Amino acid sequence: MTVDHRGGGIINVFISHNHEDGEAAKTIKNTLSLYGAGRLNFFLSEEITPGEDWFKWINDHLASSNVLLLLFTDPSATWDWCLYEAGLFARLDRSKGEQNRRVLCLHNPKTD
């Protein structure tokens, strides 16, 4: 979905995070939802229905998102999957010629 910066439309936000940060991702989703005026739609891996094709779910939701929010909590953790999601999101952006998709990274300001 294209974002209408004049005040209309829904902004789809995919929150990419390590499994250990699932509760933090839910808290961020709930907090941002309070300020989104009903215009923010979030996707979290915790919402994948058991038995659902999780790889397809992730790819489909990355493709339909306007923003990828990466929760980068611990630089010593393994970030392979989150970086895969960010790379796929960025590639989908280029392949569609879209200019309004963004990757945002939340991290501790004391972390390089």
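Description of the structure in this document. As the structure is a computational prediction, the values presented were derived from the model and not from experiment. (Residues numbered from 1 in each chain as written. Predicted model: local features only at pLDDT ≥ 70, side-chain atom pairs only at ≥ 80, totals over all residues. Heavy atoms only, no water.)

Considering the overall build of the chain
Our working rule: Each helix is a run of H or I in the DSSP string that is no shorter than four residues. Each strand is a run of E no shorter than two, and both are numbered from the N terminus. For each residue, the accessible area found with a 1.4 Å probe, counting protein chains only, is set against the maximum for its type, and the residue is called buried under 20%, exposed over 50%, and partly exposed in between. Residues count as neighbours in contact if any of their non-hydrogen atoms are within 4.5 Å of one another. For every accessible area listed, the method is Shrake-Rupley and the probe measures 1.4 Å; residues are considered covered only by the protein chains on display.
The helix and strand tally for the chain stands at three helices and four strands. Traced from its N-terminal end to its C-terminal end, the chain shows the element sequence β-α-β-α-β-α-β. Within the chain, the proportion of its 112 residues that are buried is 35%. In the chain, the proportion of contacts linking residues at least 24 apart, taken out of those at least 6 apart, comes to 71%. Here the chain has roughly 7,100 Å² of accessible surface; of this, 56% comes from carbon and sulfur atoms.

Points about the packing of aromatic side chains
Threshold: Working definition: a ring pair exists when centres of Phe, Tyr or Trp rings (six-membered ring for Trp) sit within 6.5 Å. Plane angles under 30 degrees give stacked, over 60 give edge-to-face, the rest tilted. Placement of a charge over a ring requires the Lys NZ or Arg CZ to be within 6 Å of the ring centre, with the centre-to-atom vector within 35 degrees of the ring normal.
Considering all chains together, one arrives at eight aromatic pairs under this definition. When the ring centre of Phe 89 is taken as reference, the NZ or CZ atom of Arg 101 above it lies at 3.9 Å.

Remarks on helix H2 (residues 54-63)
Note the threshold: As used here, the arc is the angular range of directions from the helix axis to the C-beta atoms. Under this definition, polar contacts are N or O atom pairs within 3.5 Å; protein pairs additionally need one hydrogen-donor-capable and one acceptor-capable atom, and for neighbouring residues in sequence, both atoms have to be side-chain atoms.
Those residues of H2 not exposed but buried are Trp 57, Ile 58, His 61 and Leu 62. End-on view of H2: buried residues confined to an arc of 125°, all on one side of the axis. One side-chain oxygen at the N-terminal end of H2 lies 3.3 Å from the backbone nitrogen of Phe 55; it belongs to Asp 53.

Some remarks on unusual backbone geometry
Unusually for a residue other than glycine, Ala 37 sits at a positive phi of about 50°. Mapped onto the fold, Ala 37 is located in the loop between helix H1 (22-35) and strand E2 (40-43). Looking at Ala 37, the relative accessible area reads 70%, which means it is exposed.

A short note on the state of the cysteines
The criterion, for reference: Cysteine sulfur atoms that pair up within 2.5 Å are treated as a disulfide.
Inspection of every chain in the model, using the stated rule, returns zero disulfides. Here Cys 82 stays unpaired: no disulfide links it, and the sulfur of Cys 105, its closest cysteine neighbor, is 9.9 Å away.

Some points on the side chain of His 61
Here His 61 shows up in helix H2. The exposure class assigned to His 61 is buried, which follows from its relative accessible area of 18%. Not counting residues within four places of it along the chain, the set of residues in contact with His 61 comprises Phe 14 and Phe 43.

A short note on the pairing of strand E1 (residues 11-16)
Two faces, one strand: in a regular strand the side chains alternate between the faces of the sheet. Worth spelling out the cut-off: When DSSP finds at least two bridges between two strands, those strands are taken to pair.
Counting buried residues along E1, six of its six residues qualify, which places the element largely inside the surrounding structure. Here E1 shows no split at all, with Ile 11, Val 13 and Ile 15 on one side and Asn 12, Phe 14 and Ser 16 on the other all buried. Alignment of E1 against E2, held across four bridges, turns out to be parallel. What sits directly across from Asn 12, in E2, is Asn 41.

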